[in-house]
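Read off the chains here:
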Amino acid sequence: MFSDLRPLPLDPLWALQNAHRDDPRPYKLNLGIGIYRDAHGHTPVLSAVQHAERHLAEAAPSKVYRPLSGNADFTAAMTRLLLGDHPPTLDRAVTVQTVGGTGALRTLADLIASAHPDATVWTSNPGYANHHPLMRAAGLLTAEYPWQDDGTGQTDLRPILGALGHAQPGDILLVQGCCHNPTGLDLTEESWHALAQHCQARGLIPLIDMAYQGLGQGLTEDAQGLRIMTRHLGTVLIAASCSKNMGLYCERTGTATVLVPHPREKPAVLSVLEGVARRTYSMPPEHGAAIAAALLHDPEPWHQELDTMRDRIRTVRAALGAALRAHHAPRDLLSIERHQGMFSLLPLTPHQMDTLREQHAIYGTREGRINIAGIPDDAITPLAQALVTVYGREVVGR
């Protein structure tokens, strides 16, 4: 059966993880995978999560199978977190629990393939590396629109609208709702309105990827673009994750939400989403959803810890910017200061990123992405010095 089977190339991000793991240098720095680390380089379990887990252990609820759509308390609370307390919008929403945000994207891709198999999914370039594979695995075509700095640290809308001028009615616009991965560049409120109006005029359906809500400006502020879309448009798809903002990485906890133009369409959409779940994993895991439901039911302790994480990311970004200035960094590197969220895309070539890894034991993706949220305090100055050194060496060598 497997005599002619050839192994697939290792995913670049996990290849980077393996290389970091095997690197014997004690000062090595892993800025590849997107996880939050504290000042000492640790990824703690939130106190609110620990409290919820103790309560669950003491209550010892049954481990019987849950519904195909998942934990109803969790999905209802996540819908409100995403859409706000706006009954007309909530009445149009169908939400199911998924296996993380990645599972939400694949579930929605299968829904699109069932409803409109000829749709093309438009994703940003640069963008999240898994967007194209997830959509293509469902049999969908993909295309790209540019995501670039307008010179002020915001995303330039003009080339986006120019590229989307080639999209056809019924095509899907996959856009990250906040804290863009990998660039750290986000749309302004004005640009969100313009993008929503463009979708409305062209008959495009937005699929909003909400992987980092709360890690940019705040839970409400980071949902602003999503909520603008839902006010303008009848059909909106949303993939959400609890991995980053609740620290539930390995629990694989997320949701897929579909807003329909009329509530009467909800049963059909729900049946297809549940059918996808049934033939893929049957029903999602309960533990992470139960934790998240507890955090959403009594949100203040979680909000305080989320505020701490967000403030630390901002502090690290500012400190890195200051260290870069102290080492006389060029303007291109100082663009880090204008970004928000966990990631920044460095203006470095793949060769420069290789040099950063080989000579300085600093691991980022070859495309130039580094995880700002993963930099411990004692690594900020060495990182700044290494970035300036590698960038300057390349310039001199040209």
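Here's a quick rundown of the structure. Everything numeric here is computed off the predicted structure, so don't read it as measured data.

**A look at the overall build of the chain**
Phase 1: Scanning the chain from terminus to terminus reveals 16 helices and 11 strands.
Phase 2: In summary, the chain has a C-alpha radius of gyration of 21 Å against a globular reference of 21 Å for 398 residues, a match within 12%.
Phase 3: Once the C-alpha set of the chain is aligned to its principal axes, its extents read approximately 65 × 55 × 55 Å.
Phase 4: The buried share of the chain, taken over its 398 residues, is 53%.
Phase 5: Counted over contacts in the chain with a minimum sequence separation of 6, partners at least 24 positions apart contribute 76%.
Phase 6: Approximately 18,000 Å² of the chain is accessible, and the part contributed by carbon and sulfur atoms is 55%.

**Quick word on unusual backbone geometry**
Phase 1: In this structure, the amide linkage connecting Asn125 to the following residue, Pro126, adopts the cis form with an omega of 0°.
Phase 2: Mapped onto the fold, Pro126 is located in the loop between β3 (120–125) and α6 (131–137).
Phase 3: Of note in the backbone geometry, Ala60 takes a positive phi value of approximately 45° without being a glycine.
Phase 4: A residue is classified by how much of its surface remains accessible, and Ala60, at 56% relative accessible area, is exposed.
Phase 5: The phi angle at Ala361 is positive, at roughly 60°, despite the residue not being glycine.
Phase 6: Secondary-structure assignment places Ala361 in the loop between α15 (350–360) and β10 (362–363).

**So, the sheet that holds β3**
Phase 1: Sheet architecture is open: 7 strands sit in the order β2-β8-β7-β6-β5-β3-β4, paired in mixed fashion. In this open sheet, the two strands that pair with only one neighbour each are β2 (93–99) and β4 (141–146). This sheet shows a mean twist of 20° between the axes of neighbouring strands, independent of strand direction.
Phase 2: Bridging between β3 and β4 involves 6 bridges; their strand directions are parallel. Opposite Ser124, over in β4, you have Tyr145 as the bridge partner.
Phase 3: Sitting on the sheet, helix α11 (residues 266–280) is in contact with β2 and β8 (253–259), with an inclination near 10° to β2.

**Thoughts on the pairing of strand β6 (residues 205–210)**
Phase 1: For β6, a buried count of 5 out of 6 residues is recorded, marking the element as mostly surrounded by other parts of the structure.
Phase 2: Tracing the backbone out of strand β5 (residues 172–176), into helix α8 (residues 189–202) and back to the parallel element β6 gives a crossover that is right-handed.
Phase 3: Pairing of β6 with strand β7 (residues 236–241) involves 4 bridges; the strand directions are parallel. Pairing of Ile208 across the sheet is with Ile238, part of β7.

**What about the nonpolar core?**
Phase 1: Membership of the largest hydrophobic core comes to 68 residues, with the highest contact counts inside it found for Tyr145, Leu195 and Trp302.
Phase 2: When residues of this core are assigned to their parent elements, the largest contribution, 7 residues, is made by helix α12 (residues 286–297).
Phase 3: Residues contacting Leu195, with those up to four places away along its chain left out, are Leu157, Ile160, Leu161, Leu164, Leu173, Leu187 and Met229.
Phase 4: Residues Leu29, Leu320, Ala323 and Leu346 belong to the second largest nonpolar core, which totals 27 residues.

**Let's talk about the packing of aromatic side chains**
Phase 1: This model, assessed by the stated rule, comprises 2 aromatic pairs.
Phase 2: For the pair Tyr212 and Phe343, a centre-to-centre distance of 5.9 Å together with 80° between the ring planes defines the contact as edge-to-face. One end of the pair, Tyr212, is in the loop between β6 and α9 (219–222); the other, Phe343, is in strand β9 (residues 343–345), with 131 residues separating them in the sequence.
Phase 3: Note on Tyr212: relative accessible area 7%, which makes it buried.

**Digging into the layout of surface pockets**
Phase 1: Considering only enclosed or pocket space, the largest pocket measures out at about 1,300 Å³ in volume.
Phase 2: Forming the walls of the largest pocket are 49 residues, and the residues nearest its centre are Leu13, Tyr128, Ala129, Asn130 and Arg369.
Phase 3: Broken down by secondary-structure element, the contributors of at least two residues to the lining of the largest pocket are α1 (12–22), α5 (100–115), β3, α6, β6, β7, β9 and α15.
Phase 4: Among the elements that line the lining of the largest pocket, the one with the most residues is α1, at 6 residues.

**With respect to the pattern of salt bridges**
Phase 1: Summed over all chains, the structure comprises 13 salt bridges.
Phase 2: Between Arg366 and Asp354 there is a salt bridge, and its shortest N-O distance comes to 2.8 Å. In this pair, Arg366 sits in the loop between β10 and β11 (369–371) while Asp354 sits in helix α15, placing the two residues 12 residues apart along the sequence.
Phase 3: A residue is classified by how much of its surface remains accessible, and Arg366, at 44% relative accessible area, is partly exposed.
Phase 4: For Asp354, a relative accessible area of 13% translates into the label buried.
Phase 5: Residues participating in the shared-partner salt-bridge network are Asp354, Arg357, Glu358 and Arg366.

Reading the values: the criteria
- Residue positions are given per chain, counted from 1 along the sequence in the order it is written.
- Side-chain atom pairs in this predicted model are given and counted only at pLDDT of 80 or more, local residue features only at pLDDT of at least 70, and totals for whole chains, interfaces and linings cover all residues.
- To obtain the side-chain values, all non-hydrogen atoms of the structure were used and water was disregarded.
- In this text, helices come from DSSP runs of H or I with a minimum length of four residues, and strands from runs of E with a minimum of two, each type numbered from the N-terminal end.
- Just to be clear, the radius of gyration here is over C-alpha atoms, and the globule rule we use is 2.2 Å times residues to the power 0.38.
- Remark: exposure states derive from per-residue accessible area (1.4 Å probe, protein chains only) relative to the maximum for the residue type, with buried under 20%, exposed over 50%, and partly exposed in between.
- We call two residues in contact when some of their heavy atoms are within 4.5 Å.
- All accessible areas in this document rest on Shrake-Rupley with a 1.4 Å probe, and a residue is counted as covered only by the protein chains that are shown.
- In this description, strands pair whenever DSSP reports at least two bridges between them.
- Whenever a helix is involved, its axis is fitted only over the stretch in contact; in every case the axis is a line through C-alpha atoms, and angles between N-to-C directions fall within 0 to 180 degrees.
- Look down the strands so they point away from you; if the path from the first strand over the helix to the second goes clockwise, the crossover is right-handed.
- We define a nonpolar core as any set of buried Ala, Val, Leu, Ile, Met, Phe, Trp, Tyr and Cys residues linked to one another through side-chain atoms lying within 4.5 Å.
- By convention, a stacked pair of Phe, Tyr or Trp rings (six-membered ring in the case of Trp) has centres within 6.5 Å and planes under 30 degrees apart, an edge-to-face pair has planes over 60 apart, and any other such pair is tilted.
- Cavities and pockets were defined on a 1 Å grid built from protein atoms only: a cavity is a group of points that admits a 1.4 Å probe but offers it no way out, a pocket is an open group of points flanked by protein on both sides within 12 Å along at least five of seven lines, and a lining residue is one with an atom within 4 Å of any such point.
- Grid points are joined across faces, edges and corners, and a volume is the space filled by probe spheres set on the points.
- Counted as salt bridges are all cases of a side-chain nitrogen of Lys or Arg within 4 Å of a carboxyl oxygen of Asp or Glu.

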